[in-house]
Amino acid sequence: MERTLFKEEHIIFRDSLKKFLDKEISPQFEQWEKDGIVPREAWRKMGENGFLCPWLEGKYGGPGADFLYSVAICEELFYRGITGLVAPLHSDIIVPYIHSFGSEEQKMKWLPGCASGSTLTAIAMTEPNTGSDLAAIRTTAIRDGDHYVVNGQKTFISIGILSDLVIVVAKTDTKAGYKGISLVCVEAGTPGFSRGRHLEKMGWHSQDTAELVFEDCRVPVSNLLGVEGKGFYYLMQKLQQERLVASMMAQSMAEAMLDMTVKYCKERMIFGSPVSSFQHNTFKIVEMATEIELGRTFIDSLIVDHMAGKDITKKVSMAKAWIPELANRVAYHCVQLHGGYGYMEEYPICRFARDARVISIFAGTTEVMKVIIGRMMGL
Ligand SMILES: Cc1cc2nc3c(=O)[nH]c(=O)nc-3n(C[C@H](O)[C@H](O)[C@H](O)COP(=O)(O)OP(=O)(O)OC[C@H]3O[C@@H](n4cnc5c(N)ncnc54)[C@H](O)[C@@H]3O)c2cc1C
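Calculation criteria
Residues numbered from 1 in each chain as written. Predicted model: local features only at pLDDT ≥ 70, side-chain atom pairs only at ≥ 80, totals over all residues. Heavy atoms only, no water. Domains from an automatic or database assignment. Contact = heavy atoms within 4.5 Å. Buried area = accessible area lost by both parts, 1.4 Å probe. Salt bridge = Lys/Arg side-chain N within 4 Å of Asp/Glu carboxyl O. Helix = DSSP H or I, 4+ residues; strand = E, 2+ residues; numbered from the N terminus. Nonpolar A, V, L, I, M, F, W, Y, C, P; charged D, E, K, R; others polar. Axes fitted to C-alpha atoms, helices over the stretch in contact; angles between N-to-C directions. Parallel < 35°, antiparallel > 145°, perpendicular 65-115°, else oblique. Left-handed = near helix turned anticlockwise from the far one by under 90°. Phe/Tyr/Trp six-rings, centres within 6.5 Å; stacked < 30°, edge-to-face > 60°. Buried < 20%, exposed > 50% of the residue type's maximum accessible area, 1.4 Å probe, protein only. Lys NZ or Arg CZ within 6 Å of the ring centre and 35° of its normal. Pairing = 2+ DSSP bridges. Near = heavy atom within 4 Å. Polar contact = N/O pair within 3.5 Å; in protein donor to acceptor, adjacent residues only side chain to side chain. Areas by Shrake-Rupley, 256 points an atom, 1.4 Å probe, with all protein chains shown as cover. Patch = residues over 30% accessible without salt bridge, like charges linked within 9 Å, V, L, I, M, F, W, Y side chains within 5 Å.

Asks: Quick question: what am I supposed to make of the domain arrangement of the protein chain here?
Replies: By a frequent convention, interface size equals the accessible area lost on bringing the separate parts together. Segmentation of the protein chain into domains returns domain 1 (8-119), domain 2 (122-229) and domain 3 (232-376). Distance between the C-alpha centres of domain 1 and domain 3: 22 Å. With 21 residues of domain 1 at the interface, the matching set in domain 3 holds 24 residues. Between domain 1 and domain 3, roughly 2,000 Å² of surface is buried when both sides are summed, and carbon and sulfur atoms account for 71% of that area. Joining domain 1 to domain 3, the criterion identifies one salt bridge. The closest approach of N and O atoms between Glu75 and Arg296, which form a salt bridge, is 3.4 Å. Elements represented by at least two residues in the side of domain 1 that touches domain 3 include exactly helix H1 (8-35), helix H3 (67-79) and helix H4 (87-101). Grouping the amino acids of the side of domain 1 that touches domain 3 by side-chain chemistry returns 13 nonpolar, three polar and five charged.

Asks: What should I look at first to understand the packing of H3 against H4 in this one?
Replies: Axis angle and axis distance: for two packed helices, these are the angle between their axes and the distance between the axes, and together they describe the pair. Axis separation between H3 and H4 bottoms out at 10 Å; the angle between their running directions is 155°. Classified by the interaxial angle, the pair formed by H3 and H4 is roughly antiparallel. In this structure, H3 crosses over H4, and the sense of that crossing is left-handed. Contact residues: Ser70, Cys74, Leu77 and Phe78 in H3; Ala87, Pro88 and Asp92 in H4. A breakdown of the residues in the contact of H3 with H4 according to their chemical character gives five nonpolar, one polar and one charged.

Asks: Looking at this structure, how should I read the packing of aromatic side chains?
Replies: All chains considered together, the criterion is met by 13 aromatic pairs. An angle of 65° between the planes, with centres 6.3 Å apart, marks the rings of Tyr178 and Tyr233 as edge-to-face. Within this pair, whereas Tyr178 is found in the loop between strand E4 (165-171) and strand E5 (181-187), its partner Tyr233 is found in helix H6 (residues 231-267), the two being separated by 55 residues in sequence. Its relative accessible area of 38% is what places Tyr233 among the partly exposed residues. Each ring, one from Trp204 and one from Phe362, has its centre 5.3 Å from the other, and the planes form 85°; the classification is edge-to-face. Remark: Phe362 occurs in the loop between helix H9 (348-356) and helix H10 (366-376) and Trp204 occurs in the loop between strand E6 (193-198) and strand E7 (209-220); sequence separation between them is 158 residues. A connected cluster of aromatic rings, assembled from ring pairs, spans Phe13, Phe20, Phe51 and Tyr69. Residue placement shows Arg14 over the ring face of Phe6; its charged tip is 4.9 Å from the ring centre.

Asks: I'm lost on the pairing of strand E2 (residues 140-144) in this one. Help?
Replies: Consecutive residues of a regular strand have side chains that alternate between opposite faces of the sheet. Alignment of E2 against strand E3 (residues 147-158), held across five bridges, turns out to be antiparallel. In the sheet register, Thr140 faces E3, and the bridge partner there is Asn151. Between E2 and E3, which follow one another and run antiparallel, lie two residues, and Gly145 among them has a positive phi close to 65°.

Asks: What exactly am I supposed to notice about the site of the ligand here?
Replies: Around the ligand there are 17 residues in total, and Met125, Thr126, Ser132, Thr365 and Glu367 lie nearest to it. At 2.7 Å from a nitrogen atom of the ligand is found a side-chain nitrogen or oxygen belonging to Thr126. Take Gly131: an N or O atom from its main chain is 3.3 Å from an oxygen atom of the ligand. In the complex, 63% of the free accessible area of the ligand, which totals 980 Å², lies under the protein chains. Among the elements of the structure, strand E1 (121-124), E3 and H10 are those that each provide at least two residues to the shell around the ligand. When the residues that make up the shell around the ligand are grouped by side-chain class, the tally is 10 nonpolar, five polar and two charged. If you count residues domain by domain, the shell around the ligand takes at least three from each of domain 2 (122-229) and domain 3 (232-376).

Asks: Even after reading the chapter, I still don't get a nonpolar patch on the surface, so can you show me in this structure?
Replies: Nonpolar side chains collect at one region of the surface, where Tyr341, Tyr343 and Met344 lie side by side and expose about 360 Å² of accessible area between them. Its place among the elements puts Tyr341 in the loop between helix H8 (313-338) and H9.

Asks: Teacher, can you tell me more about the side chain of Glu76 here?
Replies: Mapping Glu76 onto the fold places it in helix H3. A distance of 2.6 Å separates a polar atom in the side chain of Glu76 from a polar atom in the side chain of Arg80. Setting aside its immediate chain neighbours within four residues, Glu76 contacts Arg14, Leu17, Lys18 and Leu21.

Structure, rendered in structure tokens:
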């Protein structure tokens, strides 16, 4: 499908990104999957080449590019299944909190490192007892003079091992419900902040997902992002881009899975004919191609609306509810079309299929998206 939203400058940027990923990242990725972590050096190289936070203005260390540069980075990483080096999470989901709600002093302190890859970020919302129900978090950040004293436990935190700066979602007022939630930045090395388990997952093996522990962790009041008690509003505001980025990840993975499967099915001969030529398989491929095309059209229209500053809450929730589920359907059928080879690690479809699974869970589950859409439809 010809896409009209990219200009020549984006295409040139994408070409250099592709070359970089194919030379510097893809050849090492399998080893990182075995190691269970992406080396810092890879993040640094991404930063060095302008592939982290490309939208940051010059004074914060970026080139001040538009959102389409972020789109290109997300698409190229996820088309290659490079889930572990989850730059879109750092660049387009977490760093925007600092940029939008941080003080000038905080921005000057942290953003240049975010762009260069020397300051990796994480956002810690989820806790062992609560994920979807964010207002029920138990982590507290209680004011004591010039500090907040943070206590609590977070889990499933991406970039949880490598992160240098964690935006902790905590209650600064335990009696105010969601109005008592604030965002407090905790730097690595702060006494009382430690990493728990590096979690073993079904997929995304090179992505460092971890538990974080805060025990009487004293954080300067100057590390509060924005206004105390506004954390929940900030999250609601930024979750739209998060859902868009997650949908883009799933869309690119679905496109990659279809492409690799079409290639395989045209080459693999059974009963004297290519697998793709059996009508059942042709229909299956055609159905997937059609749904993937629909997903692409939908996402591209959302990118345009998002860049124009429109409220995309309802439609992006629909995209997040539908496209990761589509990627999972595609994963299932593509493995099936590969036969036994689809279950073998040496074929990329195997990893893609297990890596696609989680996108319908993080950044708001399919069910939570449907709750939001239903509410917005007045149901
Ligand atoms: C690999 C990975 C990376 C992650 N990275 C991060 C991160 O960086 N930072 C972070 O804070 N969190 C992160 N998460 C956590 C993720 O956001 C949560 O797992 C997700 O929000 C779901 O929460 P939960 O796991 O507690 O499930 P629960 O909230 O316990 O949900 C269980 C089930 O109930 C369903 N459900 C929930 N509410 C409703 C409802 N109202 N109606 C119907 N069904 C409902 C859910 O859809 C789900 O199927 C990550 C998770 C994973 C797996």
